[in-house]
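Next come the chains, spelled out residue by residue.
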2 protein chains.
Amino acid sequence: MEKHKNISMAVIKRLPKYHRYLEELMKNEVDRISSKELGEKIGFTASQIRQDLNCFGDFGQQGYGYNVKELYTQISAILGLDRGYEAALVGAGNIGQAVSNYSRFENLGFKITAIFDANPKLIGMKIRDVEIMDIDEMESVLEEHKIDIGIICVPRKNAQVVADELIRGGVRAIWNFAPVDLVVPDHVKVENVHLSESLLTLIYLLNESES
Amino acid sequence: MEKHKNISMAVIKRLPKYHRYLEELMKNEVDRISSKELGEKIGFTASQIRQDLNCFGDFGQQGYGYNVKELYTQISAILGLDRGYEAALVGAGNIGQAVSNYSRFENLGFKITAIFDANPKLIGMKIRDVEIMDIDEMESVLEEHKIDIGIICVPRKNAQVVADELIRGGVRAIWNFAPVDLVVPDHVKVENVHLSESLLTLIYLLNESES
DNA sequence: TAGATTGTTAATCGATTAACAATC
DNA sequence: TAGATTGTTAATCGATTAACAATC
């Protein structure tokens, strides 16, 4: 399976969508699907789907299409969902609490096992059985505990410092909810959830269609 | 200013980023900036920045660059931030509450003026002075009150129904936090915040860089 | 076998980058 | 004026779509 190299971002960003639609098809007990049918569901061209999937392997069968269950398993493996992930969340404010409480992630093998905040009022509180710790303890916790993913939900001005600290603690992937572009070394991956940018895009589109 | 047509999504998605960086430059009291300097800050090529901006007008001056304040004003206007927006949020669970509480939006002229939920325990509670109303009242509230943007924070299975209801009530833009792709008529714009997809992308990148 | 649908190559389309004359 | 930097056209690069032989 060494096809795996130099996959474009465009393709990568579509993988989770395939995953979601295949999960749904499985739930509806659909056994097979052609690229044409899947394309109609998902809103892609059949051609694009075949191109995308062929970046990773030959999952289909001529004259038949794709076996839903098998393809789902394959995509899950490609995404890396065949193992679990431990995350540490920093910043237990509005968004931090929402993310901590979001149960949908657990099906994906994703677990938040540590939560940090600087606010004394929050420290000691529990979110889904995980106690909020003092951010000063983060360094030592990261040392004794292997964390895959850091989640940054702190105010903008603290985000970079927290990122640096997470990286020093061995974190290789950062899910960033703060409205900044973090500066990180090459071996660290960042995925941003920039809510304001998303909202501004929507506002632009709203006005565009009205004018 | 009728250059405004047929702007590609790639460009539109970059506009909020320009807005953010220009805001920061203004705060730092920078008067002028060249496409080269801005590019270095923001991580785009100078060429791309000039191309992007020229979709909307001639904002620069040869030999000088761009006036930060003026460009910021222009980008704000392009994004539609020269007026205010009223939003209705549906689903006051984890994410709904986080979004309701997110104060950063108010600087953008964006205000959540109505919140709905189906849960009797939540109805009557207040979030930032806005009372959570019974979702059954939504139809009448939308009738008497002009709402620009609907925010969907309900569970997946209810999202499409809520979207339909918002659209019937005259909403033209939907900010969707539910993990579904909504089906809407052409004149309605949807911007998705798909947290699971974002997380899966990050997990993929994490594994890619490790292998 | 015949029909369907894949994997893959080639053609097209769109977005990014480079180059440079215009000009402040 | 000379240097700097734009706006814009042309070249390149990459992503999407179309086409079709291979084959289940």
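As the structure is a computational prediction, the values presented were derived from the model and not from experiment.

A. Main features of the overall build of chain A. Broken down by element type, chain A carries eight helices and 10 strands. Relative to its full complement of 211 residues, chain A shows a buried share of 52%. Considering only intrachain contacts with a sequence separation of at least 6, the fraction spanning at least 24 residues in chain A is 56%. Total accessible area computed for chain A in this model is approximately 10200 Å², and 47% of it derives from carbon and sulfur atoms. Considering chain A, the positive charge centre built from 24 side chains and the negative charge centre built from 31 side chains are found 5 Å apart.

B. Quick look at the protein's contact with DNA strand C. In the vicinity of DNA strand C lie 27 residues, with Ser35(A), Tyr66(A), Ser47(B), Gln51(B) and Gln61(B) positioned nearest. Across the atoms of DNA strand C situated within 4 Å of the protein, the share located in sugar and phosphate is 58%. A distance of 2.7 Å is found between a base oxygen of DNA strand C and a side-chain nitrogen or oxygen belonging to Arg50(A). Within the backbone of Gly60(A), a nitrogen or oxygen atom sits 2.8 Å from a phosphate oxygen of DNA strand C. If you list the elements that add at least two residues to the surface near DNA strand C, you get helix H3 (46-53), strand S2 (60-61) and strand S3 (65-67) of chain A together with helix H1 (9-27) and helix H3 (46-53) of chain B. When residues of the surface near DNA strand C are assigned to their parent elements, the largest contribution, four residues, is made by H3(B).

C. The relation of the copies chain B and chain A, seen in detail. Under the fitted operation, chain B is carried onto chain A by 0.0 Å of movement along the axis and a turn of 180 degrees, and the coordinates agree to an RMSD of 0.0 Å. Both copies are brought into coincidence by an operation consistent with a two-fold rotation axis. Using C-alpha coordinates, one finds that chain B approaches the rotation axis most closely at Ala98(B), a distance of 3.1 Å.

D. Inspection of the domain arrangement of chain A at higher detail. Per the domain assignment, the segments making up chain A are domain 1 (9-79) and domain 2 (85-197). A straight line from the C-alpha centre of domain 1 of chain A to that of domain 2 of chain A covers 32 Å.

E. The interface of chain B and chain A, seen in detail. Counting residues at the interface gives 64 residues for chain B, matched by 64 residues for chain A. Carbon and sulfur atoms make up 63% of the area that chain B and chain A hide from each other, which totals about 5900 Å². Contact with chain A buries surface across chain B, with Leu200(B), Leu202(B) and Tyr204(B) losing the most and accounting together for 12% of the total. In this structure, the connection of chain B to chain A is made through six salt bridges. For Glu197(A), the salt bridge goes to Arg20(B), with nearest N and O atoms at 2.7 Å. Viewed at the interface, chain A and chain B are joined by 18 residue pairs in polar contact (both at pLDDT 80 or more). For the side of chain B that touches chain A, the secondary-structure elements that each account for two or more residues are H1, helix H4 (68-79), helix H5 (94-101), strand S9 (173-176), strand S10 (189-192) and helix H8 (195-210) of chain B. Tallied by class, the residues present in the side of chain B that touches chain A amount to 34 nonpolar, 14 polar and 16 charged.

F. Inspection of the UniProt feature "DNA-binding region" in chain A at higher detail. Within this numbering scheme, the UniProt entry marks residues 17-56 of chain A as carrying the feature "DNA-binding region". Between the C-alpha atoms that bound residues 17-56 of chain A there is a distance of 16 Å. The span itself is 68% helix and 5% strand.

G. Main features of the packing of helix H1 (residues 9-27) of chain A against H3(A). Residue and element names in this part refer to chain A. Two numbers describe how H1 lies on H3: the axes approach to 11 Å, and their chain directions differ by 105 degrees. Looking at the two axes, H1 sits roughly perpendicular to H3. Side by side, H1 and H3 meet where Val11, Arg14 and Tyr18 of the first sit next to Gln48, Ile49 and Asp52 of the second. In terms of residue class, the contact of H1 with H3 is built from three nonpolar, one polar and two charged.

H. Summary view of the packing of aromatic side chains. Under the defined criterion, the tally for this structure stands at 14 aromatic pairs over all chains. Ring geometry for Phe56(A) against Tyr204(B): centres 6.5 Å apart, planes inclined by 85 degrees, an arrangement best described as edge-to-face. One end of the pair, Phe56(A), is in the loop between H3 and S2; the other, Tyr204(B), is in helix H8, on a second chain. For Phe56(A), a relative accessible area of 3% puts it in the buried group. With a centroid separation of 4.7 Å and an interplanar angle of 75 degrees, the aromatic rings of Tyr102(A) and Phe105(A) are classed as edge-to-face. On the basis of relative accessible area, Tyr102(A) is assigned to the buried category, the value being 15%. An aromatic cluster is built from Tyr102(A), Phe105(A), Phe110(A), Trp175(A) and Phe177(A), whose rings are joined through pairwise contacts. Its guanidinium or amino end placed over the ring of Tyr64(B), Arg32(B) lies 5.3 Å from that ring's centre, counting from NZ or CZ.

I. Just the UniProt feature "binding site: NAD(+)" in chain A, in detail. The residues that UniProt annotates with the feature "binding site: NAD(+)" are Gly91(A), Ala92(A), Gly93(A), Asn94(A), Ile95(A) and Gly96(A). Structurally, Gly93(A) can be placed in the loop between strand S4 (85-90) and helix H5 (94-101). Taking the relative accessible area as the measure of exposure, Gly93(A) reaches 32% and is therefore partly exposed. Within the fold, Ile95(A) resides in helix H5. Given the relative accessible area of 13%, Ile95(A) is considered buried. When sequence neighbours within four positions are dropped, the list of residues in contact with Ile95(A) reads Cys153(A), Phe177(A), Leu195(A), Ala98(B) and Tyr102(B).

J. Structural detail: H1(B). Between its first and last C-alpha atoms H1(B) spans 28 Å; for 19 residues at 1.5 Å apiece the expected length is 27 Å, and the two agree. Phi turns positive, to about 60 degrees, at Glu29(B), one or two residues after H1(B).

K. Expanded view of the sheet that holds strand S1 (residues 32-33) of chain A. All names here are of chain A. The strand order across the open sheet formed by three strands is S1-S3-S2, and the pairing between neighbours is antiparallel. Edge strands, defined here as strands with exactly one partner in the open sheet, are S1 and S2. Most of the contacts of helix H4 (residues 68-79) go to S3, to which it runs at about 75 degrees, and overall it touches S1 and S3.

Calculation criteria
- Residues numbered from 1 in each chain as written.
- Chains lettered and ligands numbered in written order.
- Predicted model: local features only at pLDDT ≥ 70, side-chain atom pairs only at ≥ 80, totals over all residues.
- Heavy atoms only, no water.
- Helix = DSSP H or I, 4+ residues; strand = E, 2+ residues; numbered from the N terminus.
- Buried < 20%, exposed > 50% of the residue type's maximum accessible area, 1.4 Å probe, protein only.
- Contact = heavy atoms within 4.5 Å.
- Areas by Shrake-Rupley, 256 points an atom, 1.4 Å probe, with all protein chains shown as cover.
- Lys, Arg positive; Asp, Glu negative; His and termini not counted.
- Charge placed at Lys NZ, Arg CZ, Asp CG, Glu CD.
- Near = heavy atom within 4 Å.
- Polar contact = N/O pair within 3.5 Å; in protein donor to acceptor, adjacent residues only side chain to side chain.
- Least-squares fit on C-alpha atoms with pLDDT ≥ 70 in both.
- Domains from an automatic or database assignment.
- Buried area = accessible area lost by both parts, 1.4 Å probe.
- Salt bridge = Lys/Arg side-chain N within 4 Å of Asp/Glu carboxyl O.
- Nonpolar A, V, L, I, M, F, W, Y, C, P; charged D, E, K, R; others polar.
- UniProt positions renumbered as here; feature names shortened; annotations may be inferred.
- Axes fitted to C-alpha atoms, helices over the stretch in contact; angles between N-to-C directions.
- Parallel < 35°, antiparallel > 145°, perpendicular 65-115°, else oblique.
- Phe/Tyr/Trp six-rings, centres within 6.5 Å; stacked < 30°, edge-to-face > 60°.
- Lys NZ or Arg CZ within 6 Å of the ring centre and 35° of its normal.
- Expected span 1.5 Å × (residues − 1).
- Pairing = 2+ DSSP bridges.

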